[in-house]
Amino acid sequence: DMLQRNLAHLLSDQSKLEEAEALYWDKLRGHRALLGEAHPVTVTSLNKMARLLTVQGRLEEAEPLFRAKLDLHRAQLGTCHPQTLASMNNLCLVLCA
């Protein structure tokens, strides 16, 4: 898991975005299956996938992932928690782009 995460980061840093995307999707699917949608590790994977899509300019694909993350943070942490506010900001950036 850590090796796959590090490889995905490295590929992303090297602008090998398609290869990184495949790894991020695999991690997200695995986390959803093993840990459930609301687990913090799954939420982190959701965020990483959304950010990668944003970097690629695929905002319409990133938007539902950012919305899902925001919904999970609202439900788990409340509206005023810093992580929830950061999720709101990320969604706003995508919507305003």
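What counts and what doesn't
- Residues numbered from 1 in each chain as written.
- Predicted model: local features only at pLDDT ≥ 70, side-chain atom pairs only at ≥ 80, totals over all residues.
- Heavy atoms only, no water.
- Salt bridge = Lys/Arg side-chain N within 4 Å of Asp/Glu carboxyl O.
- Helix = DSSP H or I, 4+ residues; strand = E, 2+ residues; numbered from the N terminus.
- Buried < 20%, exposed > 50% of the residue type's maximum accessible area, 1.4 Å probe, protein only.

## Structural notes on the pattern of salt bridges
- Scanning the model with the defined rule gives five salt bridges in all.
- Taking the shortest distance from any N to any O, the salt bridge between aspartate 26 and arginine 29 comes out at 2.7 Å. Placement of both aspartate 26 and arginine 29 in helix α2 (residues 17-35) is noted, with a separation of three residues, approximately one turn of the helix.
- Taking the relative accessible area as the measure of exposure, arginine 29 reaches 49% and is therefore partly exposed.
- A salt bridge links arginine 58 to glutamate 61; its shortest N-O distance comes to 2.8 Å.
- Linked through salt bridges whose partners overlap, the residues forming this network are Glu21, Arg58 and Glu61.

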